[in-house]
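# Commentary on secondary and tertiary structure
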Amino acid sequence: MANPMKISNANHWELTRRAFLGRSGAGMGILALASLLKPELLEGAEGGVASKTATDRWSGVVHPLDFPQRVKRVIYLYMAGGPSHLETLDFKPKLAQMHGQPMPESFTKGQPIAQLQGQKLNCFAPQHPFKKFGKSGQEISEIFPHIGSMADDICIIRSMRTEAINHDPAHTFMNTGTTISGRPAMGSWLVYGLGSDSDNLPGFVVLTSTGKSGQSQPISARQWHSGFLPSRFQGVHFRSTGDPVLYVSNPKGVTADRQHDVVDAVQKLNRMQTSVLDDPEIATRVAQYEMAFRMQTSVPELMDISREPKTILDLYGAQPGDGSFASNCLLARRLAERGVRFIQLYHRDWDHHGGIKKDIPVVAREVDQGSAALIRDLKGGGMLDETLVIWGGEFGRTPMAQGNGRDHHIKGFSIWLAGGGIKPGFTYGATDDLGYNAEQNVVEVHDLHATMLHLMGINHKKLTFKFQGRDFRLTDVTGNLVGDILA
C-alpha cells in the first residue's frame, strides 16, 4: 500500500493544483459530495489512501532496515545547562596541580570563550575527588556513587565536541544536528524512520524536571519539535505534576461515550477533507485525534507510579506525584515497556557559572540514584539489551575559573552511554591534560547521532526528507559511526 506521507511529499505540485481546482470550479465539489455518499469510491485514487491509512500505526519509512537492529528504543537523560566534565566524568590531576596559575595561552588564544572572553584566565582545580569504580576501574567523580556502582555497565566518552557555545543554540544543535531553529528533533527523525511500537502513546515523549540549586536554564518546546516533518512526529511533553497532558481529562458531565461521538464526527469531516486534498497535516489530525482519545485512558494509568512495588520506588528514590527526575526515570522505564520509541528526560540545574563546589553535589544527588536505577531496572527486566541510554548535556565547562564557577565550553566534554550494542565498562577518547581540547578519538555531535541511528538499524546517510528542494538529514552532511564503542 502506498505511503500517504511520501505521496504528499513527492507530489507537492499536485496538491497545489487540486487546491486551485477546488477554488476555481465545481469539479471538486462533486467529488466531495460523492465521497460523502460513498467514501470508498476515492480510495483507489492517488492520495485517497490517506483516508484509509491515516489512523493506522505509522510503521516508518526505513524498510528494510539498513543494518541489524541492536536496540528498539532510546532513552536520553539530558542534563540541561552544561555539566562540568571536570567534576563528573573526566579526571584531571594536572589541572589540580596548576590551580590558580595562569592558563597557558597556547590553549586559549583565538579560541571561542563565552563570558570569560578578554578576562584573566586562571586554572581552576576539580572541586570534587574521583575514584575508580567496578572491575573496569572507570574513574568517576565521588559525587556519583550510584552511577559509579554501574561503572561496569556504562561506556564513558570523554572526547565529545560541539559547535555552539550558548545554551539555546547548543541545545538545538544537540537535538537537531544544526543551530538553525525549526529542524526536526532526533526523536522525530527516529519515529519518522521506524515508527512506534505503541498504539496508545506517542512515539516520542518528553519529561522535564528542575533542580533545587537555582542554576536552571529554560528549555524551549522547539527542542522536541518535528520541524518540516509532518507534525505527527513531534515530541509530546508529559508534565510530571497535575494533568500529564493538557485536556487529557474530560470536563465534568462529559462521558467517554459522548467524547467518542464528538471525535467520530470530527474524524468524518477530516476524512472527507483529506480524501479531496491529500494534505498530510489533515492525515496527521485524523491520527492524532484518535491517539488523543486513546491517551485519555492510557496516560493516567501510565503516570500513576504508586502502583509500582515499594522496592522499585525505593530503588529509584521516587515518590508518586513529586515531579522529580527520579520519578521521571521510573516513568521512562514504563514508557519503554509500552513501546515508546524515543524518551527524553530533561533535568535543568547544571549551569554552574558560580558556586560549583557547593551546587554540583546538589544536582548530582538529584540525578544520580534515578540514572543508575534505570540502568539496573532495565537490566533486571531484560530490556537493557534492546535499549540505548544516553546521559549528557549540551556542552561542558571551562578548565579556567569564572569566580568560583566555570564558563561554557565546547572543545571537550563527557557523556556516557549504556545498553544494547555498547561496550560496557569502557572509557573512550580523551581531552588534554587540562581538560580543554578533545584530542584523542574526538566525537562530534553528528557522530553521536550517526551511531545512535546505526544501533537502531538505520544508515544515517539514507534517512532523509526533501524540503525546499534539498534532502535533509539529522547528521546534515557529516557524521561518522563511532565503531570503537560498539560491542
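Keep in mind that this is a model prediction, so the values were computed, not measured.

## Topic: the overall build of the protein chain
Assigned secondary structure in the protein chain consists of 15 helices and 17 strands. Every one of the 487 residues in the protein chain was classed for burial, and the buried ones make up 56%. Considering only contacts within the protein chain whose residues lie at least 6 apart along the sequence, 78% involve residues at least 24 apart. Total accessible area computed for the protein chain in this model is approximately 20300 Å², and 52% of it derives from carbon and sulfur atoms.

## Some words on the packing of aromatic side chains
This structure, assessed with the given rule, holds 20 aromatic pairs. Each ring, one from W350 and one from W391, has its centre 6.0 Å from the other, and the planes form 85°; the classification is edge-to-face. You can see W350 sitting in the loop between β7 (342–348) and α14 (356–380) and its partner W391 sitting in strand β8 (residues 387–392), a full 41 residues away along the chain. The class of W350 is buried, set by a relative accessible area of 0%. Taking the relative accessible area as the measure of exposure, W391 reaches 1% and is therefore buried. Of the aromatic side chains, those joined through ring pairs into one cluster are W58, W189, Y192, F228, F233, F465, F467 and F472. Positioned above the aromatic ring of F426, the side-chain terminus of K423 is 4.8 Å from the ring centre. A cation over a ring is seen here: R470 above F472, with NZ or CZ 4.3 Å from the ring centre.

## A word on unusual backbone geometry
Omega for the bond connecting H63 with P64 falls within 30 degrees of zero, at -5°, which places this linkage in the cis form. If you trace the backbone, P64 turns up in the loop between α4 (49–53) and β1 (73–80). A positive phi angle, close to 50°, is found at Q468, a residue other than glycine. Note on placement: Q468 falls in the loop between β16 (465–467) and β17 (470–472). Judged by relative accessible area, which is 70%, Q468 ranks as exposed. Phi at D476 is positive, roughly 55°, even though this residue is not glycine. Turning to its location among the elements, D476 is positioned in the segment after β17. Overall, the relative accessible area of 28% leaves D476 in the partly exposed class.

## A word on the confidence of the model for the protein chain
Across the protein chain, the average pLDDT comes to 86, with 79% of residues at 70 or higher. With pLDDT under 50 throughout, residues 1–55 is counted as low confidence; its partners more than four residues away or in other chains account for 64 contacts.

## What to know about the pairing of strand β2 (residues 130–133)
Relative to strand β3 (residues 138–141), β2 runs antiparallel, the two sharing four bridges. Looking across to β3, one finds that K131 is bridged to I140. Between β2 and β3, which pair antiparallel and follow one another directly, the connecting turn spans four residues, one of which, G134, has a positive phi of 70°.

## Overview of helix α15 (residues 445–455)
In terms of residue burial, α15 counts as a mostly covered element, since eleven of its eleven residues are buried. Residues of α15 that are buried: V445, H446, D447, L448, H449, A450, T451, M452, L453, H454 and L455. Of the residues trailing α15, G457 is marked for its positive phi of about 95°.

## Notes on helix α9 (residues 186–194)
In terms of burial, α9 is a largely internal element, nine of the nine residues being buried. Backbone geometry just downstream of α9 places G195 in the positive-phi region, at approximately 75°.

## What to know about the pairing of strand β4 (residues 154–161)
Within β4, seven of the eight residues are buried, which leaves the element mostly enclosed by the surrounding structure. In this sheet, strand β12 (residues 426–428) lies alongside β4 in parallel orientation, the contact comprising three bridges. From the neighbouring strand, C155 faces β12, where its bridge partner is F426. Note: β4 against strand β15 (residues 443–444), two bridges, orientation parallel. The residue of β15 that forms the bridge with R161 is E444.

## Looking at the nonpolar core
Membership of the largest hydrophobic core comes to 56 residues, with the highest contact counts inside it found for I75, L77, F144, F238, L335, W391 and W416. Here this core takes ten residues from α14, the largest share from any one element. Discounting residues that sit within four places of it in the chain, I75 has contacts with A332, A336, I343, L374, L378, T387, L388, V389 and I390. Counting 50 residues, the second largest nonpolar core, distinct from the first, contains A80, I422, V443 and L455.

## Overview of the environment of V74
Take V74: it is sitting in strand β1. Taking the C-alpha atoms as reference, V74 lies 4.8 Å from L388; in sequence the two are 314 residues apart. Apart from the residues lying within four places of it in its own chain, the contact partners of V74 are L190, R341, F342, I343, L388, I390, M452 and M456.

## Quick notes on the side chain of S188
With respect to the helices, strands and loops of the structure, S188 is situated in helix α9. By relative accessible area, which is 0% here, S188 ends up buried. A polar contact of 3.4 Å, which involves the side chain of S188, links it to the backbone oxygen of H225. Apart from residues lying up to four places away in sequence, S188 is in contact with F204, W224, H225, S226, L229, F233, Q234 and G235.

## Looking at the packing of helix α13 (residues 325–337) against α14
At a minimum axis separation of 8 Å, α13 and α14 run at an interaxial angle of 20°. Here α14 runs roughly parallel to α13, going by the angle between their axes. Relative to α14, α13 is oriented so that their crossing is right-handed. Residues F325, A326, C329, L330 and R333 of α13 form the contact with α14, whose participating residues are E366, V367, G370, S371, L374, D377 and L378. The residue inventory of the contact of α13 with α14, partitioned by class, reads seven nonpolar, two polar and three charged.

The rules we used
- Residues numbered from 1 in each chain as written.
- Predicted model: local features only at pLDDT ≥ 70, side-chain atom pairs only at ≥ 80, totals over all residues.
- Heavy atoms only, no water.
- Helix = DSSP H or I, 4+ residues; strand = E, 2+ residues; numbered from the N terminus.
- Buried < 20%, exposed > 50% of the residue type's maximum accessible area, 1.4 Å probe, protein only.
- Contact = heavy atoms within 4.5 Å.
- Areas by Shrake-Rupley, 256 points an atom, 1.4 Å probe, with all protein chains shown as cover.
- Phe/Tyr/Trp six-rings, centres within 6.5 Å; stacked < 30°, edge-to-face > 60°.
- Lys NZ or Arg CZ within 6 Å of the ring centre and 35° of its normal.
- pLDDT = per-residue confidence, 0-100.
- Pairing = 2+ DSSP bridges.
- Core = buried A, V, L, I, M, F, W, Y, C linked by side-chain atoms within 4.5 Å.
- Polar contact = N/O pair within 3.5 Å; in protein donor to acceptor, adjacent residues only side chain to side chain.
- Axes fitted to C-alpha atoms, helices over the stretch in contact; angles between N-to-C directions.
- Parallel < 35°, antiparallel > 145°, perpendicular 65-115°, else oblique.
- Left-handed = near helix turned anticlockwise from the far one by under 90°.
- Nonpolar A, V, L, I, M, F, W, Y, C, P; charged D, E, K, R; others polar.

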